[in-house]
Amino acid sequence: MPDLSSLPLRDSLRGLSPYGAPQLDVPYMLNTNENTHPVPAEVAEAITARVAAVAGGLNRYPDREFTQLREHLAGYLGHGIGPEQVWAANGSNEVLQQILQAFGGPGRTLLSFQPSYSMYPLLAAGTDTAFVDGGRAEDHTLSAEHAAEQVRRHRPHVVVLASPNNPTGTALELEVIEAVYDAQARNEADGGHGAMIVVDEAYAEFALAGTRSALTLLPGRERLIVTRTMSKAFALAGARLGYLAADAAVTDALRLVRLPYHLSAVTQATALAALEHVDTLLGTVEAIKGQRDRIVARLRELGLHPAVSDSNFVFFGRFQDAHAVWQALLAHGVLVRDVGIPHHLRVTAGTEEETTAFLTALEVVLAEHPAERPAEPSA
Ligand code: PMP
């Protein structure tokens, strides 16, 4: 590791570690919640054709407004959302960064509820936004009362709610989002300032039946932002395309901070081709949900405690030494995620074969590292 201490680094970045999920070459890579199914050949061909069609014009900057892409994304989202309400960037990470550049910054606060997606504090540091952790219940759930109370107490400028949450995988009741939204409105009514409420729905397409999207809450809530990505259900993590839906004024605000022509012509062409083949691309979602449910059921049989999952991954415990289990699974060629939460691990639901490999390896590993018995309510 190079020594950064001699550099005139910003104080807010000192001592931080960069995002660093291991990228190891192992047979079963189940640690970053990608869709592990390859892009279907038909869609890969359509992407190739669309990219070929723009290649000769790469001497020119792309459409800065990615007009066609915004129209297609609005059509995909539905809920009466118009293209002027849609914004996109290179992954939802960049979308979140732009939100913080516009609405966070020095002297401002981002409130989130840990454990949650590890990039939120890093994005706050990168934009010099103070990060406040509102915390969760011991079982990692988040109640409307607690979340709203934290908004009232900390008076943040931006709130990020991941639904479903990462690493736990469980979606929020819409009542939690409504309560948080109302709390920021009360802060403003009391003479303070309101907040932008961001609901990160990166895994929305994997929701359990009956789970409702925050997109349904957008009408009449001009401070609400719902972010999505093509990295998960769409099996396009390598293309880097994240997007959001919000009031049209929000997309206008983000134009102030985006870099000119931030979405390359190649990215736009790729995403357009994907959106023209939504049904084929999302064809693996039901199979992945089936493997996810299979993992949850089997882990319970094995005496473990998996959290309810609305996503394509499962968070589970308890182990005496989760890192030792992570290491032992790796020795079997299975890479899962040690998210740093004691006694717990997270695994991506992949293909049937990958799931079988994970469950088979886990059974062997459990012989050496038995599940911890202490009573924990299985979520
Ligand atoms: N939000 C959550 C909750 C995530 O888990 C991830 C990816 N791990 C992202 C956002 C960012 O994804 P991307 O930048 O690929 O859209």
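These figures come from a predicted structure and were not determined experimentally.

Visitor: Hey, could you go over the overall build of the protein chain for me, with residue numbers and the actual values?
Guide: Helix and strand content of the protein chain: 12 helices and 12 strands. The C-alpha atoms of the protein chain give 21 Å as radius of gyration, which agrees with the globular expectation for 379 residues (21 Å, within 12%). Dimensions along the principal axes, computed over C-alpha positions, put the protein chain at roughly 55 × 55 × 55 Å. The buried share of the protein chain, taken over its 379 residues, is 54%. Sequence separation of 24 or more characterises 74% of the internal contacts of the protein chain that already satisfy a separation of 6 or more. For the protein chain, the exposed area adds up to about 16500 Å²; of that, 53% sits on carbon and sulfur atoms. Mean positive and mean negative side-chain charge positions of the protein chain (29 and 44 charges, respectively) differ by 5 Å.

Visitor: Residue-level account of the nonpolar core, with values.
Guide: In this structure, Leu329, Phe358 and Leu362 are the most contacted members of the largest nonpolar core, which totals 115 residues. Mapping this core onto the domain boundaries places at least three of its residues in each of domain 1 (22–39 + 283–366) and domain 2 (41–276).

Visitor: Mind laying out the sheet that holds strand β12 (residues 344–348), listing which residues take part and the relevant values?
Guide: Strand order in the open sheet formed by 3 strands is β9-β10-β12, with antiparallel pairing between adjacent strands. Two strands bound the open sheet, and with one partner strand each, they are β9 (305–306) and β12. Where strand β10 (residues 313–317) and β12 come together, 5 bridges link them in antiparallel fashion. Bridge assignment links Phe313 to a residue of β12, and that residue is Thr348. Together, β9, β10 and β12 form the strand contacts of helix α10 (residues 285–301), whose direction differs from that of β10 by roughly 10°.

Visitor: Run through the packing of aromatic side chains, naming residues and quoting values.
Guide: In this description, a pair of aromatic rings is defined by centroid distance and the angle of the planes. What the rule picks out here adds up to 7 aromatic pairs. When the centroid spacing of 6.0 Å and the interplanar angle of 65° are considered together, the rings of Phe316 and Phe358 count as edge-to-face. In this pair, Phe316 is assigned in strand β10 and Phe358 in helix α12 (residues 352–368), connecting sequence segments 42 residues apart. Here Phe316 and Phe358 have matching classes, each one buried.

Visitor: So what about empty space enclosed by the protein? Which residues, and what values?
Guide: Counted under the stated rule, the structure contains 1 cavity of 30 Å³ or more. Approximately 40 Å³ is the volume attributed to the largest cavity. Lining the largest cavity are Leu96, Ile99, Leu100, Leu110, Tyr120, Leu123, Val158, Val160 and Val198. Where the lining of the largest cavity is concerned, the elements lending two or more residues are α3 (92–103), α4 (119–126) and β5 (158–162). Ranked by the residues each element gives to the lining of the largest cavity, the list is headed by α3, at 3 residues.

Visitor: Could you give me a rundown of the packing of α10 against α12, with the residues and numbers involved?
Guide: Where α10 meets α12, the closest approach of the two axes is 10 Å, and the angle between their N-to-C directions is 15°. It follows that α10 is roughly parallel to α12 by the angle criterion. For the crossing formed where α10 meets α12, the hand is right-handed. Along the contact surface, α10 presents Gln291, Arg294, Ile295, Arg298 and Leu299, while α12 presents Glu352, Thr355, Thr356, Phe358, Leu359, Leu362 and Glu363.

Visitor: Summarise the pattern of salt bridges; cite the residues concerned and give the values.
Guide: Pairing of side chains with opposite charge becomes possible as their charged atoms draw close. Under the definition given, this model contains 19 salt bridges. As a salt-bridge pair, Glu201 and Arg228 come within 3.0 Å of each other at their nearest N and O atoms. In this pair, Glu201 sits in the loop between β6 (196–200) and β7 (224–229) while Arg228 sits in strand β7, placing the two residues 27 residues apart along the sequence. For the pair Glu201 and Arg228, one class covers both residues: buried.

Visitor: An account of the layout of surface pockets is requested, with residue identities and associated values reported.
Guide: Reported here for the largest pocket is a volume of approximately 910 Å³. What lines the largest pocket is a set of 38 residues, among which Tyr19, Thr32, Tyr117, Lys232 and Arg337 lie closest to the centre. Going through the elements one at a time, α3 and α4 are the ones with two or more residues in the lining of the largest pocket. For the lining of the largest pocket, the per-class residue count stands at 18 nonpolar, 13 polar and 7 charged. For the lining of the largest pocket, the domains that each give at least three residues are domain 1 (22–39 + 283–366) and domain 2 (41–276). Taken as a whole, the second largest pocket holds about 290 Å³ of empty space. Surrounding the second largest pocket, 17 residues form its lining, Leu142, Thr170, Ala171, Leu172 and Glu173 being those nearest its centre. Looking at the lining of the second largest pocket residue by residue, the class counts come to 5 nonpolar, 8 polar and 4 charged.

Visitor: How would you sum up unusual backbone geometry? Please name residues and give values.
Guide: A cis amide bond, omega 20°, links Asn166 with the succeeding residue Pro167. Look at Ala235: it is not a glycine, yet its phi comes out positive at around 60°. By the secondary structure assignment, Ala235 is in the loop between β7 and β8 (242–246). Since its relative accessible area comes to 14%, Ala235 is described here as buried.

Visitor: Describe in detail the site of the ligand, supporting the description with residues and values.
Guide: In the vicinity of the ligand, the contacting residues are Gly91, Ser92, Asn93, Tyr117, Asn166, Asp200, Ala202, Tyr203, Thr229, Ser231, Lys232 and Arg240. For the ligand, an oxygen atom lies 2.8 Å from a polar atom in the side chain of Asn166. Ser231 has a polar side-chain atom sitting 2.6 Å from an oxygen atom of the ligand. Mapping the ligand onto the cavity grids shows that it belongs to the largest pocket. When its residues are assigned to classes, the shell around the ligand shows 3 nonpolar, 6 polar and 3 charged.

The rules behind each value
- Residues numbered from 1 in each chain as written.
- Predicted model: local features only at pLDDT ≥ 70, side-chain atom pairs only at ≥ 80, totals over all residues.
- Heavy atoms only, no water.
- Helix = DSSP H or I, 4+ residues; strand = E, 2+ residues; numbered from the N terminus.
- Rg over C-alpha atoms; globule rule 2.2 N^0.38 Å.
- Buried < 20%, exposed > 50% of the residue type's maximum accessible area, 1.4 Å probe, protein only.
- Contact = heavy atoms within 4.5 Å.
- Areas by Shrake-Rupley, 256 points an atom, 1.4 Å probe, with all protein chains shown as cover.
- Lys, Arg positive; Asp, Glu negative; His and termini not counted.
- Charge placed at Lys NZ, Arg CZ, Asp CG, Glu CD.
- Core = buried A, V, L, I, M, F, W, Y, C linked by side-chain atoms within 4.5 Å.
- Domains from an automatic or database assignment.
- Pairing = 2+ DSSP bridges.
- Axes fitted to C-alpha atoms, helices over the stretch in contact; angles between N-to-C directions.
- Phe/Tyr/Trp six-rings, centres within 6.5 Å; stacked < 30°, edge-to-face > 60°.
- 1 Å grid on protein atoms, 1.4 Å probe; cavity = no way out; pocket = protein on both sides within 12 Å on 5 of 7 lines; lining within 4 Å.
- Points joined across faces, edges and corners; volume = space filled by probe spheres on them.
- Parallel < 35°, antiparallel > 145°, perpendicular 65-115°, else oblique.
- Left-handed = near helix turned anticlockwise from the far one by under 90°.
- Salt bridge = Lys/Arg side-chain N within 4 Å of Asp/Glu carboxyl O.
- Nonpolar A, V, L, I, M, F, W, Y, C, P; charged D, E, K, R; others polar.
- Near = heavy atom within 4 Å.
- Polar contact = N/O pair within 3.5 Å; in protein donor to acceptor, adjacent residues only side chain to side chain.
- Sits in = over half its atoms within 2 Å of the grid points.

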